Amino acid sequence: VLPRERIAGLVLPPGPAYLPTEFKQATLVDLLDRALDKGVVISADLVVSLAGVPLIGVNLRAAVAGMETMLRYGLMRDWDERIRDWESKRVDQREPALLANETAVLRMHGALWAPRGIYRSWRPGHIYLTNRRLILFRAQPAETIWEIPLHSIRCYAVRTETHFTGHERDLVYLGLRTGAHVCLHVEKRDDLLSSMAAEMEGMGIPLVEQAAPAFAAHHHGLAALMSDETVKAESKMWRQIPQLGILGDTWRPGMLCLTERRLVWWCETDRQVQLDVPVGRLAGADVEAMDLGGLVGERPVLTLQYRNSHGLETVLLTGDGLWEWKQAIEGLAQGTEAPRARPLEQGSHAAIGRVGPQHAAPLQQQPAVVVAR
Amino acid sequence: LVVDIDEGNLKAGLLALVISLVEVIKDALKLQAFKRMEGGSLTEEEIDRLGRALADLDVALEQLKADQGISEAVQQVRDGLDELVDDVLDRFLNPRSWLEETERSDRVGAH
């Protein structure tokens, strides 16, 4: 019997025309549930073609069903047992492991922008500030996504950026002693920054605030802490990426940017800084015609040379205003005249150079654990 | 099903669309979870953990919808999808009514 007070909440339509109703509509969830219960077997051959030319072949044999149905048919029994076994044996870790004489100071929701690899996105979790480290920890499944010792942090900047939902939000950029930077979004920004400054002061290290960089605001990867730098030249520039695996040399679009301190090439497709040369390391530049093959044919190419610890490295760039770039770079290049052998004769592996601050591996970032479920 | 998207509501609309699909998957997972629980192969501890994870997911989604102000939009998308499914299923199950409808519309078209 329904309690009276629950019926009282219902407003009855007036009059005798009131008819009984029952919700009988099938929903999408019903459909999915029915399909999973029965199981669906897909058998498909697909050919993806463009302009009538087959390019990709897909041969698909798939069975999709709820696990209970799978088990009833004797499928995936081993997997089921193994996964549950693994999970039950796993130590239930809800907090990151702390070192001896390390104490947690602050804990809040936060996310880290992970700019590397194929998985470029925000990685959410809990930010832990201890008296020695800053840690991003995810509880389910337990993983320390990122950690960094406090003494390796040099400065910070706060910048308002527009989230893809249209919300404006403040992001915290931390500049590291290695020259790299990381980007965080945290729940209580001021608490984190003030506590971090206090902890670092206790260690005798100042945490410097830098004004938010106005420079190249649309270049997410370039939003490094460059507020004290001024842009001297900036233009769209294609760069030759030397052989990658089975691919030959390819050209990628990007932005070449010169400040009084360094020359930076930001890759449009990877959305990150892939070349970062201090001005003092520039060795020279030249413009020469080169056959780029394909439909492009012969084009002027800027061959840029810089010195790193291995010796002389060469970068090939093409775009507009190559002669101006050559003059600008030659004006900055110090020391001896650079040898200008054609880079193609040298072999283009030499062109990799120092690959972006993100690749300098200052962070002990663990690989994500991927568990097939 | 008409999803009304313009420049202004594109972001919210897209998010609502994604969230409603996530919700559908979540609901389907929930029903499958009940089946597994009834199936009897799970231990007490596993059932407990599963229940808690599903509840957490519920809370997280509700929170997200409230934060972005898209609760209503998500409900609309889901209602629209459900109507569509109901309609399609109805045509599969009652081909006769479908035929009648097409004939009717043909007649209307002829006039």
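Residue numbers here run from 1 along each chain, matching the order of that chain's written sequence. As they are written, the chains are lettered A onward and the ligands numbered 1 onward, keeping that order. For this predicted model, a pLDDT threshold of at least 70 governs which residues receive local features, and a threshold of 80 or more governs which side-chain atom pairs are given and counted, while totals over whole chains, interfaces and linings are taken from all residues. Each side-chain value is worked out from all heavy atoms of the structure, with water and hydrogens disregarded.

**Describing the overall build of chain B**
Definition in use: Each helix is a run of DSSP H or I of at least 4 residues and each strand a run of E of at least 2, with the numbering of both proceeding from the N terminus. By definition in these notes, contact holds between two residues if any of their heavy atoms fall within 4.5 Å. We get accessible surface area from the Shrake-Rupley algorithm with a probe of 1.4 Å; when it comes to residues, only the shown protein chains can shield them.
Scanning chain B for helices and strands turns up 4 helices and 0 strands. In chain B, the order of α-helices and β-strands from amino to carboxyl end is α-α-α-α. The long-range share in chain B, meaning contacts at least 24 apart out of those at least 6 apart in sequence, stands at 73%. Summed over all atoms, the accessible surface of chain B reaches about 7,700 Å², with 58% contributed by carbon and sulfur.

**A closer look at the pattern of salt bridges**
As a reminder, the rule being used: Put simply, a salt bridge is a Lys or Arg side-chain nitrogen that is within 4 Å of an Asp or Glu carboxyl oxygen. Remark: exposure states derive from per-residue accessible area (1.4 Å probe, protein chains only) relative to the maximum for the residue type, with buried under 20%, exposed over 50%, and partly exposed in between.
All told, the structure shown has 26 salt bridges over all chains when counted by the stated rule. Across the salt bridge formed by A:Asp37 and B:Lys35, the nearest N and O atoms sit 3.4 Å from each other. Remark: B:Lys35 occurs in helix α1 (residues 10-39) and A:Asp37 occurs in helix α2 (residues 28-38); the pair is interchain, linking two chains. Notably, a salt bridge pairs A:Arg133 with A:Glu102, separated by 2.9 Å at the nearest N-O pair. Residue A:Arg133 is found in strand β5 (residues 133-138), and its partner A:Glu102 is found in the loop between α4 (77-89) and β3 (104-114); the two are separated by 31 residues along the sequence. The pair formed by A:Arg133 and A:Glu102 is uniform in burial state, with each residue classed as buried. Salt bridges sharing partners connect three or more residues here, namely B:Glu23, B:Lys26, B:Asp27, B:Lys30, B:Asp58, B:Glu62, B:Lys65 and B:Arg78.

**Quick word on the confidence of the model for chain A**
All names here are of chain A. Let me state the cut-off plainly: Per-residue confidence from the predictor is reported as pLDDT, which spans 0 to 100.
For chain A, per-residue confidence averages 76 on the pLDDT scale, and 73% of positions sit at 70 or higher. Considering only residues more than four positions removed or in separate chains, one finds that residues 214-223, a stretch of pLDDT under 50, has 27 contacts. Segment residues 335-373 is flagged for pLDDT under 50; beyond a separation of four residues in sequence, or across chains, it makes 84 contacts in the model.

**Quick word on the side chain of A:Ser195**
All names here are of chain A. Summarising the element assignment, Ser195 is placed in helix α5 (residues 189-202). Its relative accessible area of 16% is what places Ser195 among the buried residues. If near-sequence neighbours (up to four positions away) are discounted, Ser195 is found in contact with Leu106 and Leu129.

**A closer look at helix α6 (residues 322-332) of chain A**
Three- or four-residue spacings in an α-helix give side chains the same orientation, since the helix completes a turn every 3.6 residues. Residue and element names in this part refer to chain A. Which entries qualify depends on this criterion: The directions considered for the arc run from the helix axis to the C-beta atoms.
Restricting attention to buried positions, one finds in α6 the residues Leu322, Trp325, Lys326, Ile329 and Leu332. For α6, the angular spread of buried residues about the axis comes to 135°, placing them on one side. Summarising the geometry of α6, the exposed residues directed more than 90 degrees from the buried face are Trp323, Glu324, Gln327 and Gly331. Where the residues of α6 are buried, they touch β11 (231-241), β12 (250-259), β13 (262-267), β15 (282-291), β16 (298-308) and β17 (311-319).

**Topic: α5(A)**
Residues and elements named next belong to chain A. Keep this limit in mind: Residue count minus one, scaled by 1.5 Å, sets the expected span of a helix.
Its 14 residues give α5 an end-to-end C-alpha distance of 20 Å, which sits within 8% of 20 Å, the value for a rise of 1.5 Å per residue. Among the residues of α5, Leu192, Leu193, Ser195, Met196 and Met200 are the ones counted as buried. Positioned one or two residues after α5, Gly204 has a phi angle of 85°, which is positive.

**Notes on the interface of chain A and chain B**
Heads up, the rule is: Accessible surface is computed with a 1.4 Å probe, and the buried area is the amount of it that two parts give up when combined, taken over both parts together. Between N or O atoms, a polar contact is any pair within 3.5 Å; within protein, one atom must be a potential hydrogen donor and the other a potential acceptor, and residues adjacent in sequence are included only when both atoms are from side chains. When residue character is reported, Ala, Val, Leu, Ile, Met, Phe, Trp, Tyr, Cys and Pro are called nonpolar, Asp, Glu, Lys and Arg charged, and the others, Gly included, polar.
Contact with chain A, which involves 21 residues of that partner, is made by 23 residues of chain B. Taking both partners together, chain A and chain B bury about 2,100 Å²; carbon and sulfur atoms supply 57% of that area. At the surface where chain A touches chain B, the tally comes to 5 salt bridges. Taking the shortest distance from any N to any O, the salt bridge between B:Arg36 and A:Asp80 comes out at 2.7 Å. For the interface between chain A and chain B, the tally reads 8 residue pairs in polar contact (both at pLDDT 80 or more). Contributing elements (two or more residues each) for the side of chain A that touches chain B: α2, α3 (67-72) and α4 of chain A. If one sorts the elements of the side of chain A that touches chain B by residue count, α2(A) sits on top with 7 residues. For the side of chain A that touches chain B, a count of residues per class yields 9 nonpolar, 6 polar and 6 charged.

**Thoughts on the nonpolar core**
All names here are of chain A. Worth spelling out the cut-off: Buried Ala, Val, Leu, Ile, Met, Phe, Trp, Tyr and Cys residues that are joined via side-chain atoms within 4.5 Å together make up what is termed a nonpolar core.
Counting 25 residues, the largest nonpolar core has Ile127, Leu134, Trp146, Ile153, Leu174, Leu184 and Met196 as its most contacted members. Within the residue set of this core, elements represented by two or more residues are β3, β4 (121-130), β5, β6 (143-149), β7 (153-162), β8 (168-176), β9 (181-186) and α5. Ranked by the residues each element gives to this core, the list is headed by α5, at 4 residues. One finds Leu256, Leu263, Leu282 and Leu317 within the second-largest nonpolar core, a separate group that totals 22 residues.

**Looking at the pairing of strand β1 (residues 40-50) of chain A**
Both faces of the sheet carry side chains from a regular strand, because those side chains alternate between them. Residues and elements named next belong to chain A. The following threshold applies: Note on pairing: DSSP must find at least two bridges between two strands before they are called paired.
Across 11 bridges, β1 lies against strand β2 (residues 53-64) in antiparallel orientation. If you follow Leu46 over to β2, its bridge partner there is Val58. Between β1 and β2, which pair antiparallel one after the other, the connecting turn spans 2 residues, and Ala51 there sits at a positive phi close to 50°.

**Focus on a nonpolar patch on the surface**
Residues and elements named next belong to chain A. Rules: A patch consists of residues whose relative accessible area exceeds 30% and which take part in no salt bridge; residues with like charges are grouped when within 9 Å of each other, and nonpolar side chains (Val, Leu, Ile, Met, Phe, Trp, Tyr) when within 5 Å.
Together, Val48, Leu50, Val53, Leu55 and Ile56 make up an exposed nonpolar region whose accessible area comes to about 490 Å². Mapped onto the nonpolar patch, the elements with two or more residues apiece are β1 and β2. Per-element accounting of the nonpolar patch gives the leading share, 3 residues, to β2. On the secondary structure map, Leu50 appears in strand β1.

**Regarding the pairing of β15(A)**
All names here are of chain A. The element β15 is extensively covered by neighbouring structure, given that 8 of its 10 residues are classed as buried. Across 9 bridges, β15 lies against β16 in antiparallel orientation. When the sheet's bridge partners are listed, Leu282 is paired in β16 with Tyr306. Remark: 6 residues form the turn of the hairpin made by β15 and β16, two consecutive strands paired antiparallel; Gly293 in that turn has positive phi of roughly 75°.

**Remarks on the packing of α1(B) against helix α2 (residues 44-68) of chain B**
All names here are of chain B. For the record, the criterion: Inter-axis angles, ranging from 0 to 180 degrees, are taken between N-to-C directions of lines fitted to C-alpha atoms, where helices are fitted over the stretch in contact. Convention used here: angles under 35 degrees read as roughly parallel, angles over 145 as roughly antiparallel, angles from 65 to 115 as roughly perpendicular, and any remaining angle as oblique. Put simply, a crossing is left-handed when the front helix is turned counterclockwise from the back one by less than a right angle, and right-handed when it is turned clockwise.
One can describe the packing of α1 onto α2 by two numbers: an axis separation of 11 Å at closest approach and a directional angle of 165°. Put simply, α1 runs roughly antiparallel to α2. Along this stretch, α1 crosses α2, giving a crossing that reads as left-handed. Of α2, the residues touching α1 (which contributes Leu15, Ile19, Val22, Glu23, Lys26, Lys30, Ala33 and Met37) are Ile47, Leu50, Gly51, Leu54, Leu57, Asp58, Leu61, Glu62, Leu64, Lys65 and Gln68. The residue inventory of the contact of α1 with α2, partitioned by class, reads 11 nonpolar, 2 polar and 6 charged.

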